[in-house]
Amino acid sequence: MIVCGGNAAGFADLLKENGAEEVVYPKGIDITPELEKNGMSFLLEKGILASKATDTDGVEHVLFCLGPGSILSKNTYASHNSALFSEIIPLGKDARCLLIPTETLFELKLKNPELCKAMDADTESIQNYLTMASVAFHSGEGLGRVAAFLYCFHDHRMLVDFSQRRVANFTNLSLSQVWRSVSELRKEEAIQTGMGGIMITDLKRLKQFVPDSVIYCNLTKITKK
């Protein structure tokens, strides 16, 4: 699972001093309507929040996840296509948030350069993730899309912690197309598969199947950091 954010953990006391209230949201409950209705933003203190959307075929996609210590302002999700933020849901367990009016949060941001940097870093991590997901989604035929997805979303262990069905959802491919692509990459000794996900065993070999546009996008992302 790809987790974004986590740059604002040190600002809980500042938000509390300026009227933020602690709220616990039950797992599986969409918190977006309340945020939009009341013009609220939040600092996630505990738990994981997933942004989900359902496509026209009724397939649910997890677009990104936020980890503890993340700030997501109302302006962040309002400035994107609303479908990207159609649901923000505690994943697996309850989530504890500090709710604060967006107007107050942005006043604090203007006064506090460190808070400003933390908020911008959290937003950028989401934008980078969505950019990479979009590039992988549109990167050629089945083999190229699967290779691009694995290249973009492996963690420090070279593990892609996704089932083949979820890879299919992210790449807009059928499960059989993903299975064939994974089998080809395994035959090329670029990856291994197991219960824990898909392990990249030879990144250089995998890159042979990744479109140049994806490699360029990923290099740009790394350089920006």
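Refer to the structure presented above.
Source: prediction; values computed, not measured. (Residues numbered from 1 in each chain as written. Predicted model: local features only at pLDDT ≥ 70, side-chain atom pairs only at ≥ 80, totals over all residues. Heavy atoms only, no water.)

Colleague: Whenever I open this one, the overall build of the protein chain confuses me. Can you help?
Modeller: Secondary structure summary: the protein chain contains 10 helices and 11 strands in total. Put simply, the protein chain has 225 residues, and 44% of those count as buried. At a minimum sequence separation of 6, the contacts of the protein chain that also span at least 24 residues come to 72%. On the protein chain, roughly 11,500 Å² of surface is accessible, and the fraction owed to carbon and sulfur atoms is 51%. (Helix = DSSP H or I, 4+ residues; strand = E, 2+ residues; numbered from the N terminus. Buried < 20%, exposed > 50% of the residue type's maximum accessible area, 1.4 Å probe, protein only. Contact = heavy atoms within 4.5 Å. Areas by Shrake-Rupley, 256 points an atom, 1.4 Å probe, with all protein chains shown as cover.)

Colleague: Help me understand the side chain of Ser181 in this model?
Modeller: Positionally, Ser181 belongs in helix α8 (residues 175-187). Among the polar contacts made by the side chain of Ser181, one reaches the main-chain carbonyl oxygen of Gln177 at a distance of 3.0 Å. Once residues lying within four places of it in the same chain are set aside, the contact partners of Ser181 are Gly142, Leu143 and Val146. (Polar contact = N/O pair within 3.5 Å; in protein donor to acceptor, adjacent residues only side chain to side chain.)

Colleague: How should the sheet that holds strand β9 (residues 159-160) be read in this particular structure?
Modeller: Strand pairing in a sheet takes place through backbone hydrogen bonds and is either antiparallel or parallel in direction. Ordered in space as β9-β11-β10, the 3 strands form an open sheet in which the pairing is antiparallel. Every other strand in the sheet has two partners, leaving β9 and β10 (191-194) as the edge strands with one partner each. By the bridge criterion, 2 bridges tie β9 to strand β11 (residues 197-200) in an arrangement that is antiparallel. If you follow Leu159 over to β11, its bridge partner there is Met199. (Pairing = 2+ DSSP bridges.)

Colleague: Help me understand helix α6 (residues 142-153) in this model?
Modeller: Since the α-helix turns once every 3.6 residues, residues separated by three or four places project in the same direction. Over its 12 residues, α6 runs 17 Å from end to end, which matches the ideal 16 Å to within 8%, given 1.5 Å per residue. Taken across its 12 residues, α6 has 11 buried, putting it largely inside the fold. Residues of α6 that are buried include every one of Gly142, Gly144, Arg145, Val146, Ala147, Ala148, Phe149, Leu150, Tyr151, Cys152 and Phe153, and no others. (Expected span 1.5 Å × (residues − 1).)

Colleague: Is there a simple way to think about the nonpolar core in this case?
Modeller: Burial of nonpolar side chains together is a common tendency in soluble globular proteins. Core analysis: the biggest nonpolar cluster contains 45 residues, and Phe42, Leu49, Leu66, Leu150 and Leu206 have the highest contact counts within it. With 8 residues, the single largest contributor to this core is α6. If you look at the next biggest cluster of nonpolar residues, it comprises 14 residues, including Ala8, Leu15, Leu108 and Ala118. (Core = buried A, V, L, I, M, F, W, Y, C linked by side-chain atoms within 4.5 Å.)

Colleague: Help me out: how do you make sense of the pairing of strand β3 (residues 40-46) in this one?
Modeller: Along a regular strand, successive side chains alternate from one face of the sheet to the other. Across the 7 residues that make up β3, a large majority, 5, are buried. Note: β3 against strand β8 (residues 95-101), 6 bridges, orientation antiparallel. Counterpart to Met40 in the pairing with β8 is Pro101. Of the pairings in the sheet, the one linking β3 to strand β6 (residues 70-72) comprises 3 bridges and is antiparallel in character. Of the residues in β6, the one forming a bridge with Leu43 is Ile71.

Colleague: Looking at this structure, how should I read the environment of Lys16?
Modeller: For Lys16, the location among the structural elements is in helix α1 (residues 12-17). Considered as a pair, Lys16 and Leu98 are 82 residues apart in the sequence and their alpha carbons are 7.7 Å apart.

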